[in-house]
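# Fold and contact review
Given next are the chains, with one letter for each unit.
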Amino acid sequence: MHRDTTDTMNTIHLRLFGLRSARMNRIEEQGFLFSPGLTVGKVWSELQHAAEPHTPLASLQRDLVHALVNGLPIQRLAGWETPLAIGDTLTFMVMAAGG
């Protein structure tokens, strides 16, 4: 697993909004160890695989997640195949609807 590292020289910054607890307003931040070929989709898959059961992260379908790389929506980049670089900030949050 690539999570929770203190080596900031070889990491990306990961921000999760409301994905690990029932409280959707909770924000978690952590380092994620960089490896060559790392993409947004690969990080999401690893996080889901390691998630505790009964958390939104464990069961949320990818199409219900808004992902940003350095503040840009992945739809403006290469989607879930967007490559990541050391020092990038990757944000995942649940899409909200309403009006």
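Residues numbered from 1 in each chain as written. Predicted model: local features only at pLDDT ≥ 70, side-chain atom pairs only at ≥ 80, totals over all residues. Heavy atoms only, no water.

Attention now moves to the pairing of strand 3 (residues 65-69). Counting buried positions along strand 3 gives 4 out of 5 residues, so the element sits mostly inside the fold. Here 5 bridges tie strand 3 to strand 5 (residues 89-94), and the two strands are oriented antiparallel to one another. Residue Val 69 lies in a different strand from strand 5, and its bridge partner there is Leu 90. (Buried < 20%, exposed > 50% of the residue type's maximum accessible area, 1.4 Å probe, protein only. Helix = DSSP H or I, 4+ residues; strand = E, 2+ residues; numbered from the N terminus. Pairing = 2+ DSSP bridges.)

A few words now on the sheet that holds strand 3. Hydrogen bonding along the main chain pairs the strands of a sheet, whether they run parallel or antiparallel. Here 5 strands make up an open sheet; going across it, the order is 2-1-5-3-4 and the pairing mixed. If you trace the sheet from one side to the other, it starts and ends with strand 2 (27-33) and strand 4 (72-73), each paired once. Alignment of strand 1 (residues 11-17) against strand 5, held across 5 bridges, turns out to be parallel. Following the sheet pairing, Phe 17 is matched in strand 5 by Met 93. Across the face of the sheet, helix 1 (residues 40-50) comes into contact with strand 1, strand 2, strand 3 and strand 5 while running at roughly 60 degrees to strand 5. (Contact = heavy atoms within 4.5 Å. Axes fitted to C-alpha atoms, helices over the stretch in contact; angles between N-to-C directions.)

On to helix 1. All of the buried residues in helix 1 are Val 40, Gly 41, Val 43, Trp 44 and Leu 47. The buried residues of helix 1 occupy an angular sector of 160 degrees when the element is viewed end-on, so they sit on one face. Packing partners of the buried residues in helix 1 comprise strand 1, strand 2, helix 2 (56-59), strand 3 and strand 5. (Arc of directions from axis to C-beta.)

Going through the model one piece at a time under the given rule, you end up with 3 aromatic pairs. Measuring from ring centre to ring centre gives 5.1 Å for Trp 44 and Phe 92, while their planes differ by 55 degrees; the resulting arrangement is tilted. Linking Trp 44 in helix 1 with Phe 92 in strand 5, this pair joins segments that are 48 residues apart in sequence. Neither residue differs from the other here; Trp 44 and Phe 92 are each classed as buried. Ring centres of Trp 80 and Phe 92 lie 6.2 Å apart, and the angle between their planes is 10 degrees; this geometry places the pair in the stacked category. Of this pair, Trp 80 sits in the loop between strand 4 and strand 5 while Phe 92 is found in strand 5, placing the two residues 12 residues apart along the sequence. Classification of Trp 80 as buried rests on a relative accessible area of 17%. Taken together through their ring pairs, the aromatic side chains of Trp 44, Trp 80 and Phe 92 make up a single cluster. (Phe/Tyr/Trp six-rings, centres within 6.5 Å; stacked < 30°, edge-to-face > 60°.)

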